Amino acid sequence: MKGWLKDFSGSVCVLILLTIGLINLWSASNTAGSSLFAKQILWVLIGSGLGLWCYLTDYKQFEDVAYYLYFGGVFLLSLLYPFGVEIEGAKRWLGFGGFYIQPSEFAKLGLILALARYFSKRPFQGDLSLSDLGLPIVMVLLPFFLVIFQPDLGTGLVLVGILGILTLWIGVRKRTLLFLGVLGGFGCVGGWFLLKDYQRQRILSFLDPWKDPLGSGYHLIQSKIAIGSGSIWGKGIQLGTQARLGFLPEYHTDFVFALLGEEWGFVGAAVVILLFLGFLLWAFETAQKAKDPFGRFLAMGITSLFLLHVTINIGMALGLLPVVGLPLPFFSYGGSCTVVSLMAVGLLSSIRKRRRFFGA
Amino acid sequence: MSKSSPKGKWLFWAILIVFMILLGRAWQLQIIEGEKYRQLAEKNRLRLEKVIPPRGRIFDRKGRLIVGNKPSFDLFVVPADLKGKESFAREVSSLLGLPEEEILKRINGARSPFEMVRLKKDLTFEELSRISANLWDFPALRILVTPTRVYPQGPVAPHVIGTVGEITQEELRRFRDKGYEVGDYIGKSGLEFQYEDLLKGKKGGRQVEVDALGRRVRILQEIEPEPGWDLYLNIDLDLQLKAQSLLEGKRGAIVAIDPRSGEILAMASSPSFDPREFGRFMDPEKWRLLAEDPSHPLTNRAIQGVYAPGSVFKIIVALGALTMGQVEPHERFYCSGYFSLGNRTFRCWKEEGHGSVDLYKGIVQSCDVYFYQLGLRIGPKAMAEFARLFGLGDLTGVDLPGEKKGFLPHPQRGKWFGGDTVVMAIGQGRLAVTPLQLATFISAVANEGKLYRPFLVREAKAPSGRLIRFNPQLKGEIPLPQEVFQTIKTALEGVVQDPQGTGRAARLEGIRVAGKTGTAQVRGMPQRVKDPSLLPYEHRDHAWFVAYADADYPSIAVSVLVEHGGTGGGAAAPLARELIKYWLGVQP
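What counts and how
- Residues numbered from 1 in each chain as written.
- Chains lettered and ligands numbered in written order.
- Predicted model: local features only at pLDDT ≥ 70, side-chain atom pairs only at ≥ 80, totals over all residues.
- Heavy atoms only, no water.
- Helix = DSSP H or I, 4+ residues; strand = E, 2+ residues; numbered from the N terminus.
- Buried < 20%, exposed > 50% of the residue type's maximum accessible area, 1.4 Å probe, protein only.
- Contact = heavy atoms within 4.5 Å.
- Areas by Shrake-Rupley, 256 points an atom, 1.4 Å probe, with all protein chains shown as cover.
- Expected span 1.5 Å × (residues − 1).
- Buried area = accessible area lost by both parts, 1.4 Å probe.
- Salt bridge = Lys/Arg side-chain N within 4 Å of Asp/Glu carboxyl O.
- Polar contact = N/O pair within 3.5 Å; in protein donor to acceptor, adjacent residues only side chain to side chain.
- Nonpolar A, V, L, I, M, F, W, Y, C, P; charged D, E, K, R; others polar.
- Axes fitted to C-alpha atoms, helices over the stretch in contact; angles between N-to-C directions.
- Left-handed = near helix turned anticlockwise from the far one by under 90°.
- 1 Å grid on protein atoms, 1.4 Å probe; cavity = no way out; pocket = protein on both sides within 12 Å on 5 of 7 lines; lining within 4 Å.
- Points joined across faces, edges and corners; volume = space filled by probe spheres on them.
- Phe/Tyr/Trp six-rings, centres within 6.5 Å; stacked < 30°, edge-to-face > 60°.
- Lys NZ or Arg CZ within 6 Å of the ring centre and 35° of its normal.

This part is about the overall build of chain B. A tally of helices and strands in chain B yields 19 helices and 23 strands. Put simply, chain B has 588 residues, and 52% of those count as buried. Taking the contacts inside chain B whose residues are at least 6 apart along the sequence as the reference set, 70% of them involve residues at least 24 apart. Accessible surface, chain B: about 26600 Å² in total, of which carbon and sulfur atoms supply 52%.

To continue, consider helix 12 (residues 293–317) of chain A. All names here are of chain A. The first and last C-alpha atoms of helix 12 sit 36 Å apart over 25 residues, in line with the 36 Å expected at 1.5 Å per residue. Judged by how many residues are buried, helix 12 sits mostly within the fold: 24 of 25 residues are covered. One or two positions beyond helix 12, positive phi appears at Gly319, with a value near 80°.

With that settled, consider the interface of chain A and chain B. Interface size is commonly expressed as the accessible area that is lost once the parts come together. Listed as interface residues are 49 residues of chain A and, on the opposing side, 37 residues of chain B. Surface buried jointly by chain A and chain B totals about 3600 Å² across both partners, of which 75% is contributed by carbon and sulfur atoms. Looking only at chain A, the three residues that lose the most surface to chain B are A:Leu245, A:Phe266 and A:Gln288, adding up to 17% of its buried area. If you look at where chain A meets chain B, you find 1 salt bridge. At the boundary of chain A with chain B, the tally comes to 7 residue pairs in polar contact (both at pLDDT 80 or more). The leading source of residues in the side of chain A that touches chain B is helix 11 (residues 256–289) of chain A, at 15 residues. When its residues are assigned to classes, the side of chain A that touches chain B shows 27 nonpolar, 15 polar and 7 charged.

This brings us to the packing of helix 13 (residues 314–323) of chain B against helix 18 (residues 482–497) of chain B. Residue and element names in this part refer to chain B. Between helix 13 and helix 18, whose axes approach to 10 Å, the crossing angle comes to 145°. In the crossing of helix 13 with helix 18, the sense of the turn from one axis to the other is right-handed. Together, Ile315, Ala318, Leu319, Leu322 and Thr323 of helix 13 and Val484, Phe485, Thr487, Ile488 and Leu492 of helix 18 make up the contact between the two elements. Across the contact of helix 13 with helix 18, the residue classes tally to 8 nonpolar, 2 polar and no charged.

Moving on: empty space enclosed by the protein. All names here are of chain A. What the rule picks out here adds up to 6 cavities of 30 Å³ or more. Looking at the largest cavity, its volume works out to about 70 Å³. Residue assignment for the lining of the largest cavity shows that the elements contributing at least two residues are helix 6 (153–170) and helix 8 (197–207). Taken together, the residues that form the lining of the largest cavity break down as 5 nonpolar, 3 polar and 2 charged.

Okay, the packing of aromatic side chains next. For the coordinates displayed, the defined rule picks out 28 aromatic pairs over all chains. When the centroid spacing of 6.2 Å and the interplanar angle of 90° are considered together, the rings of A:Trp169 and A:Phe297 count as edge-to-face. Of this pair, A:Trp169 sits in helix 6 while A:Phe297 is found in helix 12, placing the two residues 128 residues apart along the sequence. For A:Trp169, a relative accessible area of 1% puts it in the buried group. On the basis of an interplanar angle of 75° and a centroid distance of 5.1 Å, the ring pair of B:Tyr370 and B:Phe371 is categorised as edge-to-face. Each member of the pair, B:Tyr370 as well as B:Phe371, carries the same accessibility label: buried. Site record: aromatic cluster; members linked through ring pairs are A:Phe276, A:Phe279, A:Trp282, A:Phe306, A:Phe330 and A:Phe331. Lying across the ring of A:Phe297, A:Arg296 places its NZ or CZ 5.3 Å from the centre. Looking at A:Lys353, its charged tip hangs above the ring of A:Tyr55, at a distance of 4.2 Å from the centre.

See below:
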């Protein structure tokens, strides 16, 4: 494949995913609210503009302001406590004149930038030691604690996951890994008791959704029914009964993939999964081939961000993972996620472009 | 890949594997288990609703509606679908005018959150439209339409018609093969029970699409229900109402039969009940009161009340004795007011005695002493045998459930004494008959031996126009000589027409009524009480009167029983007279 074509293949995947995602949302808007589709188009346009800007800007400039952006994200998160808008028991949104933004989405990008800068400035590029990881862990825990009490378990997991993938990808000393593993294990056990009741229920119901089919297992069951009933070819756009008749909850946000599976069938679901795979491998390659450390870590951070979002969201819809509220990039309705995702794609493309110009 | 990150290559494979797992899972759910989930999705959205057919209506012999149907709109709430009880109660309260506390009380009283709790039954049209307009905002509300019985003429023969109610667990088991489901209605008693299979019709079905809150989105398919068959009774509405009004304030039963066919023209039992209070939402307290009422208003005394026939039985003794040649019509016996058998004395109801008595006088004046001797002549077995010929001691076969057989004694050597025979000859002791049995019996006498099965339903008509006709059924011809019947019938006419007759109260201008009085003793032997009203009510005798008219061409036979009414001639005969007068007046 020609180099430039390869460079653009990721963006092409994103373009197709965005198109399918918009059609899918248009289908959802039929019952979930007609303004939803128009708003999402607006978000996509804004996101594309910002993405293009990221693409055209030298990402090195972000390196200089990485920590500021990180603290900006943390600051936005902390604003949720006094000013957050509570929707269905969770304070995840900040209201700005009729628009809501989700600071956690921006905080993720801020964290990735900060981590990339930190790791790129590390004097010895060998396996990570515990002392190497001290500051990154603090950088993760700060927003982590801010989000899990919103409560937003999904974003918390993503924050930890980004650092985890980055660490493993860079390489880590075995002793350090073992120590962190044990620490993490205790953290999970302790965390179980910190979880809200409904979060615990979700995990339990994942293990046996039929125990309480109308209660906590409901989302899981209805999502599986929606996807499974799509069979090979799907029921057709706007013809998904699970979503249209309200059996499938949140089918325009967290369970958007279930709507897709129901209406587009296995064919649609497989195409989307493969497009995400193509995009992620492209992103991964971008990270592997980036010449400068900051670009490399930034690309890897973004890759892990998408990897976590996509696999957790689709895995949840398919009933492989417990229900955690995470949007599916390019599919779920929501401005913050769409804008951040498209900016991230712009950054990846930028990194890739500069590799070509300055690299081998 | 990159030289700079040789250790990172594993992540490439990790990504690949994770996505293959996702793909494989989608394959599993959509391709392998696709059919299963498709069905689950269908089950989610599709509901099968049964459509209840209107139950068959019931008309009188002239086609006048006695029992019809109307839809009753009942309002229910499913507690499981409620978002907030208090706000719901407040809003529905303002909609219906039901007190909030009452609504909350009912919701909290539900045994399970999925149980439908009734808020109001039989909504008015206004309430219905108000609720319907707001139904979308209250997904927990349900309006159920149930065809309900209506009785446009008021309670007409409620014991005969019977009641309809929701099927019980026990009935579901019993009629397992008949396709009943929980919540169905079923005839509980009377004709509603007897003709259930014709009346119930065939359920229809409706496949509807519902949303997650159970609200109906659209109807996908519908199979029309088939209404039940209409029943046309032999009962005449006017005569029935007449009979009911005659029994007003009394306990007892009246049966009127066309002796030429066995058609039951009227069947009344008193005290009675109002069928409109029955059905799905009967107040349990009301039910308890009715069921435990010592006067047994739910019992159909015409077929379930058993009483000693009293002197009515003398007709049988006379018929038997004449047939067996044990007595000549003109053979005379002397009645001094009492009769001695061994060391026991049996009194005649007339203290001063009847003097010299032949068959005619014996029947007309109902002389006990005359019949003591006739009974002794033919013996208890023969008396029971003749009674059996006329259908006593056995079911008449009327098309109603729960009919009683009554009782005829089986005289056994060593346990039966002459005294028992004497008592039996005047229809007392252990004999027990129902008013319907005596009505069929007197019909057979009027018919000179033709015994018809009494029946209530003459026709059943399907909505398609198909017709079932129920024809008179001759159970048998009683092989007694014509002249025996003639002799008896002359005497029976005398009972009413003769100046000395006990049944003179049944006399009618221009109509030759024949009949026989009877008094079923409640306590001991004949009471010589001048004024029975002096006795405690429960100790007073039951009054019988059986009759037919016109004597030569009988077209109506009547059996009247008045519990604790005193003498047959005084309490029962006037009722028979009114009934006959009315019937022959309208139908010459």
